[in-house]
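# Secondary and tertiary structure notes
Chain by chain, the residues:
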Amino acid sequence: MTYVVTDNCIACKYTDCVEVCPVDCFYEGENMLVIHPDECIDCGVCEPECPADAIRPDTEPNMDEWVTFNRKYSEMWPVITVKKDPLPDAEALDGQKDKLKTHFSETAGEGN
C-alpha cells in the first residue's frame, strides 16, 4: 500500500503534510504536491494533516490512475520537506470538481 495525492490538492497546495512525512517522499509542482509511491512507507501520518482531504490510500477504489500520476510527477518535480503557505485561492478552490482538467500545471515547483 501507498498513499497518493489526488486532484483536490490542485490549486490549493497545502503543505502541512510534508512536515510530518518521515521519509521526505513529497514532490512539489507549481500548484500541487505528489507522493512518490515507491518511497512512501505507508505510515499514514500525512493523510489527516491535509486540510483539503487530498491524500488517499491506494487501496480505495479508482486509485490506480493516481498512483501512476503521482509516480510520473514525483520523478519530474523537486522534493519538498518544508511547509509553505498555501496558494492564494486555496480556500475558494478547495473541493471544486474537475481541477485536473481546469487547473493542473505540469510545471515544477521550487522545492526546498
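That block above? That's the structure.
My aim in this report is to walk through the structure given alongside it, one point at a time. Everything numeric here is computed off the predicted structure, so don't read it as measured data.

### Examining empty space enclosed by the protein
- According to the stated counting rule, one finds 2 cavities of 30 Å³ or more in the structure shown.
- For the largest cavity, the lining is made up of 13 residues, of which Cys21, Cys25, Cys40, Cys43 and Cys46 are closest to its centre.
- Tallied by class, the residues present in the lining of the largest cavity amount to 12 nonpolar, 1 polar and no charged.
- The calculated volume of the second largest cavity comes to roughly 60 Å³.
- What lines the second largest cavity is simply Val5, Cys9, Cys12, Lys13, Tyr14, Cys17, Phe26, Leu33, Cys50, Ala52, Ala54 and Ile55.

### Examining the side chain of Ser105
- Following the sequence through the fold, Ser105 ends up in the segment after helix 4 (99-102).
- Here Ser105 falls in the buried class, since its relative accessible area comes to 13%.
- Among the polar contacts listed, one links the side chain of Ser105 to the backbone nitrogen of Thr107, at a separation of 3.2 Å.
- Setting aside chain neighbours within four positions, we find Ser105 in contact with Glu30, Asn31 and Trp77.

### Section: the packing of aromatic side chains
- Within this structure, the stated rule accounts for 6 aromatic pairs.
- With centroids separated by 4.8 Å and ring planes inclined at 50 degrees, the aromatic side chains of Phe69 and Tyr73 adopt a geometry described as tilted. Pair noted here: Phe69 and Tyr73 are both in helix 2 (residues 64-74), with a separation of 4 residues, about one helical turn. The burial state of Phe69 is the same as that of Tyr73; both residues are buried.
- Arranged with centres 6.2 Å apart and planes meeting at 40 degrees, the rings of Trp77 and Phe104 form a pair that is tilted. You can see Trp77 sitting in the loop between helix 2 and helix 3 (90-93) and its partner Phe104 sitting in the segment after helix 4, a full 27 residues away along the chain.

### Description of the pattern of salt bridges
- In this structure the tally under the stated criterion is 8 salt bridges.
- A cluster of three or more residues bridged by salt bridges with shared partners is formed by Glu47, Asp53, Arg56 and Glu60.

### Overview of the state of the cysteines
- In total, this model carries 0 disulfides according to the counting rule given.
- Just so you know, Cys43 is unpaired, no disulfide at all, and the nearest cysteine sulfur is the one on Cys46, 6.2 Å from it.
- The class for Cys43 is partly exposed, based on a relative accessible area of 42%.
- Unpaired in terms of disulfides, Cys46 finds its nearest cysteine sulfur in Cys40, a separation of 6.1 Å.

Criteria and thresholds
- Residues numbered from 1 in each chain as written.
- Predicted model: local features only at pLDDT ≥ 70, side-chain atom pairs only at ≥ 80, totals over all residues.
- Heavy atoms only, no water.
- 1 Å grid on protein atoms, 1.4 Å probe; cavity = no way out; pocket = protein on both sides within 12 Å on 5 of 7 lines; lining within 4 Å.
- Points joined across faces, edges and corners; volume = space filled by probe spheres on them.
- Nonpolar A, V, L, I, M, F, W, Y, C, P; charged D, E, K, R; others polar.
- Helix = DSSP H or I, 4+ residues; strand = E, 2+ residues; numbered from the N terminus.
- Buried < 20%, exposed > 50% of the residue type's maximum accessible area, 1.4 Å probe, protein only.
- Polar contact = N/O pair within 3.5 Å; in protein donor to acceptor, adjacent residues only side chain to side chain.
- Contact = heavy atoms within 4.5 Å.
- Phe/Tyr/Trp six-rings, centres within 6.5 Å; stacked < 30°, edge-to-face > 60°.
- Salt bridge = Lys/Arg side-chain N within 4 Å of Asp/Glu carboxyl O.
- Disulfide = S-S within 2.5 Å.

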